There are 2 protein chains.
Amino acid sequence: MNLKLATEIGKCLSNTIRLEILEWLKEPEKNFPPHETLKHFNDGVCVSYIHEKSGLSQSTISFYLTNMEKCGLLISTRHGKWSYLKRNEKIINEYTQFLTK
Amino acid sequence: MNLKLATEIGKCLSNTIRLEILEWLKEPEKNFPPHETLKHFNDGVCVSYIHEKSGLSQSTISFYLTNMEKCGLLISTRHGKWSYLKRNEKIINEYTQFLTK
DNA sequence: CAAATATATCGAAAAATTTCGATATGAAAA
DNA sequence: TTTTCATATCGAAATTTTTCGATATATTTG
């Protein structure tokens with residue numbers, strides 16, 4: 001973890017909806033309906049579910065998620081026409097290690 | 001820790017200089033000259049040292065530090081005409097707990 | 001008490017972020 | 001292979017943040 005990356009992560013964490021997305025993704029089963037095609041949450045949750053739950057426009061959510069992936073907070077996996085997002089616990093841990101003593 | 005406070009903390013952490021200030025304050029003795037009046041770093045570092053090291057204007061640094069104190073990241077203590085700032089490890093820990101699973 | 005020093009606040013210009021609708025791209029379904 | 005569905009990208013307006021110089025406040029010092 002370096003200062004530049006930590007700053008980009010901080011930017012992603014400076015917005016209520018983006019923070020909520022990270023919270024929701026702690027427990028996908030609890031916060032989202034089950035996937036119709038994929039029968040599991042192994043790769044997280046698809047963009048459309050996050051979009052619906054957020055109340056923001058599709059383009060805004062796509063923009064958010066792309067940025068969160070770019071700085072490593074999320075991991076994106078394509079399955080057919082769907083993109084699934086899950087938390088990147090490794091980076092999140094590295095970030096919190098960086099913040100604490 | 002709640003979503004609103006976490007968002008405010010995230011805003012403070014979304015800027016390279018503010019992040020650096022938090023890093024510097026991990027080891028005041030290492031990153032700042034000794035205080036002339038106060039002979040210790042028990043209450044952290046005075047605003048003018050942080051100002052000098054930052055390269056930004058006095059008003060900007062004051063504004064930064066005030067915000068960082070408002071959201072709990074820093075603890076401010078007055079000694080005469082000096083304000084000393086130190087990290088609030090308790091809030092920082094609560095924040096990192098909030099981020100991680 | 002006047003001057004000097006440290007910090008805080010104010011108002012405003014510049015820069016960055018937010019957010020959307022429109023549109024493009026990519027993949028599956030008809 | 002055209003249509004449909006999911007997601008990504010673009011351009012632009014609105015909002016927020018950044019940052020400064022000027023000025024105010026608070027405290028010490030002469």
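The preceding data block contains the structure.
Residues numbered from 1 in each chain as written. Chains lettered and ligands numbered in written order. Predicted model: local features only at pLDDT ≥ 70, side-chain atom pairs only at ≥ 80, totals over all residues. Heavy atoms only, no water.

Participant: Give a description of the sheet that holds strand β3 (residues 82-87) of chain A that names residues and reports values.
Facilitator: Residue and element names in this part refer to chain A. Taken together, the 3 strands give an open sheet; going across it, the order is β1-β3-β2, and neighbouring strands pair in antiparallel fashion. A single partner strand is all that each edge strand has here, and the edge strands are β1 (45-46) and β2 (74-79). Both β2 and β3 contribute to a ladder of 6 bridges, which runs antiparallel. Bridge pairing in β3 links T77 to Y84. (Pairing = 2+ DSSP bridges. Helix = DSSP H or I, 4+ residues; strand = E, 2+ residues; numbered from the N terminus.)

Participant: Describe the protein's contact with DNA strand D, listing the residues and the values that go with them.
Facilitator: Around DNA strand D sit 21 residues, and of these S48, Q58 and S59 of chain A together with T60 and Y64 of chain B come closest. Near the protein, within 4 Å, the atoms of DNA strand D are sugar or phosphate in 62% of cases. Taking K11 of chain B, its side chain carries an N or O atom lying 3.1 Å from a phosphate oxygen of DNA strand D. With respect to DNA strand D, the backbone of S57 of chain B contributes an N or O atom lying 2.9 Å from a phosphate oxygen. Elements with a minimum of two residues in the surface near DNA strand D: α4 (47-54), α5 (58-70) and β3 of chain A together with α5 (58-70) of chain B. With 4 residues, the single largest contributor to the surface near DNA strand D is α5 of chain B. Of the residues belonging to the surface near DNA strand D, the class tally is 6 nonpolar, 10 polar and 5 charged. (Near = heavy atom within 4 Å. Polar contact = N/O pair within 3.5 Å; in protein donor to acceptor, adjacent residues only side chain to side chain. Nonpolar A, V, L, I, M, F, W, Y, C, P; charged D, E, K, R; others polar.)

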